[in-house]
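Summary of the model geometry
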Amino acid sequence: MTAYCRTCLHHLGISSGELARERGKGQTGGGVKLLQKDYYYRLTYHCGMRNEGELNFLRTRSMGSDVTTDNYRSLSSPSGQQRLQLMLNRDTRLEPMPPKRAPQILKNGSKTCVTVTSQDPSRTTAVTMRIHMKKGQTVTIWSEEGLNGTVSVV
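Let us look at the structure shown here. Throughout, a residue's number is its position along its own chain's written sequence, starting from 1. Local features in a predicted model are, by the rule used here, given only for residues with pLDDT of at least 70; side-chain atom pairs are given and counted only at 80 or more, and totals for whole chains, interfaces and linings are based on all residues. The basis for every side-chain value is the complete set of heavy atoms in the structure, and neither hydrogens nor water enter the calculation.

Some thoughts on the nonpolar core
What we call a nonpolar core is a set of buried Ala, Val, Leu, Ile, Met, Phe, Trp, Tyr and Cys residues that are connected through their side-chain atoms within 4.5 Å. Categorising residues by exposure relies on relative accessible area from a 1.4 Å probe, with only protein chains included: less than 20% of the type maximum marks a residue as buried, more than 50% marks it as exposed, and the intermediate range marks it as partly exposed. Ranked by size, the top nonpolar core spans 7 residues in total: Leu43, Met49, Leu55, Leu58, Leu75, Leu84 and Met87. Those elements that provide at least two residues to this core are helix H4 (52-58) and helix H5 (78-88). Should any heavy atoms of two residues lie within 4.5 Å, those residues are counted as being in contact. Beyond its immediate stretch of four places on either side in the chain, leucine 58 contacts Tyr39, Leu43, Met49, Leu84 and Leu88. Here a strand is any run of E in DSSP of at least two residues, a helix any run of H or I of at least four, and the numbering for each starts at the N terminus.

The structure is reproduced here in structure tokens:
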């Protein structure tokens with residue numbers, strides 16, 4: 001990957017001297033540094049990561065004594081890995097636009113399931129519903145990106 005990026009940069013007019021290793025700074029050359037900066041940019045601006053612990057973990061940087069996110073979730077545990085995956089899934093620039101669909105309504109006995117599909121994967125989806133509930137009924141709201149809630153009438 002570094003060689004490919006280096007070749008592309010040469011075609012853009014960047015000399016090999018500008019891509020050479022910096023003296024006294026280790027073995028990292030300009031092409032690798034460019035990839036690292038691009039990766040950091042993608043994590044920060046396209047995935048929305050702001051936590052330094054998560055950014056350092058994904059960039060294999062020194063974690064020091066910070067091995068958890070700000071809510072004390074281990075980044076190597078299954079729940080921490082799921083959180084990281086959900087954040088990485090926010091970068092949807094290369095995904096095709098989904099077909100526009102009306103909300104799907106499925107009825108199964110006393111349960112009704114409404115599925116709302118996003119019209120654009122790079123934007124949030126807002127849904128407004130008016131539900132008339134009777135005593136003892138429950139509504140559960142769920143999203144792949146982590147939203148989860150239940151409302152009951154008592």
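Brief notes about H5
Among the residues of H5, those classed as buried are Gly80, Leu84 and Met87. For H5, the angular spread of buried residues about the axis comes to 60°, placing them on one side. Exposed side of H5, more than 90 degrees from the buried face: Pro78 and Gln82 are the residues found there. At its buried positions, H5 is contacted by H4. Working note: the arc is built from the helix axis to C-beta atom directions.

A short note on the packing of aromatic side chains
Pairs were defined over the aromatic rings of Phe, Tyr and Trp, the Trp ring being its six-membered one, requiring ring centres within 6.5 Å. Orientation was assigned from the angle between planes: stacked under 30 degrees, edge-to-face over 60, tilted for the rest. As enumerated under the stated definition, the model contains 1 aromatic pair in all. For the pair tyrosine 41 and tyrosine 45, a centre-to-centre distance of 4.9 Å together with 40° between the ring planes defines the contact as tilted. One end of the pair is tyrosine 41 and the other is tyrosine 45, both in helix H3 (residues 30-46) and 4 residues apart, which spans about a single turn. Residue classification places tyrosine 45 among the exposed positions, given a relative accessible area of 55%. Two conditions define a charge located above a ring, namely a distance within 6 Å from the ring centre to NZ of Lys or CZ of Arg, and an angle within 35 degrees of the ring normal. The aromatic ring of tyrosine 45 is capped on one face by arginine 50, whose charged end is 5.9 Å from the ring centroid.

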